[in-house]
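# A look at the structure
In case you want the letters, here they are:
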Amino acid sequence: MSKAVYPGSFDPFTNGHLDITERGARIFDELIVAVLVNSEKQAMFSVEERRMMSSEATVHLPNVKVMSFDGLLVDFMRRERSRVILRGLRALSDFEYEFQLAQMNRQLAPETETFFMVTDAKFSYLSSRSVKEVFKFGGAIQEFVPPGVFRRMRERIPPRAME
Ligand code: ADP
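Let me begin by describing the structure that accompanies this report. Just so it is clear, the model here is predicted, and its values are computed rather than measured. (Residues numbered from 1 in each chain as written. Predicted model: local features only at pLDDT ≥ 70, side-chain atom pairs only at ≥ 80, totals over all residues. Heavy atoms only, no water.)

In terms of helices and strands, the chain carries 6 helices and 5 strands. Each helix and strand of the chain, ordered N terminal to C terminal, gives the series β-α-β-α-β-α-β-α-β-α-α. In terms of principal-axis extent, the alpha carbons of the chain reach across some 55 × 35 × 30 Å. Taken over 163 residues, the chain has a buried fraction of 44%. Of the contacts formed within the chain by residues at least 6 apart in sequence, a portion of 73% connects residues at least 24 apart. Accessible surface computed for the chain: about 9500 Å², of which carbon and sulfur atoms make up 54%. (Helix = DSSP H or I, 4+ residues; strand = E, 2+ residues; numbered from the N terminus. Buried < 20%, exposed > 50% of the residue type's maximum accessible area, 1.4 Å probe, protein only. Contact = heavy atoms within 4.5 Å. Areas by Shrake-Rupley, 256 points an atom, 1.4 Å probe, with all protein chains shown as cover.)

See the structure below:
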């Protein structure tokens, strides 16, 4: 049985994340989308909201489970008995950060391997951050995120709409 973990902030879960999850679910027997309780980044959604939105978006994938975790990824991996970390790569600009992260995780837990999946070209520009930026200025985000995420974002009134 191959079991991989796809960790991230998922604030919010986008169609780019969904693409990596769907493709990962075809490769690995079991895939855990692991929502990080991030203490550094100021999140738009709480970890519980992020977990629920990610679960809703992946409900059609029977071998995908969404969990949240606090602390070190490698400790979570050990608890879940998984040795494979799945990450997505969009551009060269992702590489340095991802490379450092993979090296650090390898140092902390030599039994783990990081697998990178290259983005589908149509999602290469898409990030949670850009979705939040577009939303903040009242732009259309419907085509960038799963329907449940869109619904929840709409419930938050973008600042422009209040002017
Ligand atoms: P983090 O907060 O850990 O940087 P994110 O939640 O932004 O993570 O993303 C989680 C993972 O998904 C990262 O490996 C990121 O590179 C990848 N990812 C994000 N958006 C896309 C996309 N549009 N296509 C492919 N991979 C993506």
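Moving on, there is more to tell.
A few words on the pattern of salt bridges. Summed over all chains, the structure comprises 13 salt bridges. Between Arg-23 and Asp-19 there is a salt bridge whose closest N-O contact spans 2.8 Å. Note that Arg-23 and Asp-19 are positioned in helix H1 (residues 15-27) at a spacing of 4 residues, about one turn of the helix. Accessibility expressed as a relative area gives 22% for Arg-23, which makes it partly exposed. We classify Asp-19 as buried; its relative accessible area is 12%. One salt bridge in this structure joins Glu-98 and Arg-87, with 2.8 Å as the shortest N-O distance. (Salt bridge = Lys/Arg side-chain N within 4 Å of Asp/Glu carboxyl O.)

This next bit is on the sheet that holds strand E5 (residues 113-118). Taken in spatial order, the 5 strands line up as E3-E2-E1-E4-E5 in an open sheet, and their pairing is parallel. The outermost strands of the open sheet, each flanked by one partner alone, are strand E3 (64-69) and E5. Put simply, the sheet's adjacent strands are angled 30 degrees from each other on average, direction ignored. With 6 bridges connecting them, strand E2 (residues 30-36) and E3 associate as parallel partners. Within E3, the residue paired with Ala-34 across the bridge is Met-67. Across the sheet, H1 lies against strand E1 (3-8), E2, E3, strand E4 (84-89) and E5, angled at about 120 degrees from E5, the strand it touches most. (Pairing = 2+ DSSP bridges. Axes fitted to C-alpha atoms, helices over the stretch in contact; angles between N-to-C directions.)

Turning our attention to H1. Over its 13 residues, H1 extends 19 Å from the first C-alpha to the last, a length consistent with the 18 Å expected when each residue adds 1.5 Å. All of the buried residues in H1 are Asn-15, Gly-16, His-17, Leu-18, Asp-19, Ile-20, Thr-21, Gly-24 and Ala-25. One side-chain oxygen of the residue at the start of H1 lies 3.1 Å from the amide nitrogen of Gly-16, identifying that residue as Thr-14. (Expected span 1.5 Å × (residues − 1). Polar contact = N/O pair within 3.5 Å; in protein donor to acceptor, adjacent residues only side chain to side chain.)

This part is about the side chain of His-17. Mapped onto the secondary structure, His-17 falls in helix H1. Assessed through its relative accessible area of 16%, His-17 is described here as buried. In this structure the side chain of His-17 is engaged in a polar contact, spanning 3.0 Å, whose partner is the backbone nitrogen of Thr-14.

A separate point is the pairing of E1. Where a strand is regular, its side chains alternate between the two sheet faces. For E1, a buried count of 6 out of 6 residues is recorded, marking the element as mostly surrounded by other parts of the structure. Neither face of E1 is open: one carries Lys-3, Val-5 and Pro-7, the other Ala-4, Tyr-6 and Gly-8, and all of them are buried. Pairing geometry for E1 and E2, over 6 bridges, is parallel. Note that in E2 the partner of Val-5 across the bridge is Ile-32. In this region the chain leaves E1, passes through H1 and returns to the parallel neighbour E2; the handedness of that crossover is right-handed. In the sheet, E1 pairs with E4 via 2 bridges, with the strands oriented parallel. Considered in E4, the bridge of Ala-4 is made with Val-84. (Right-handed = clockwise from strand over helix to strand, strands pointing away.)

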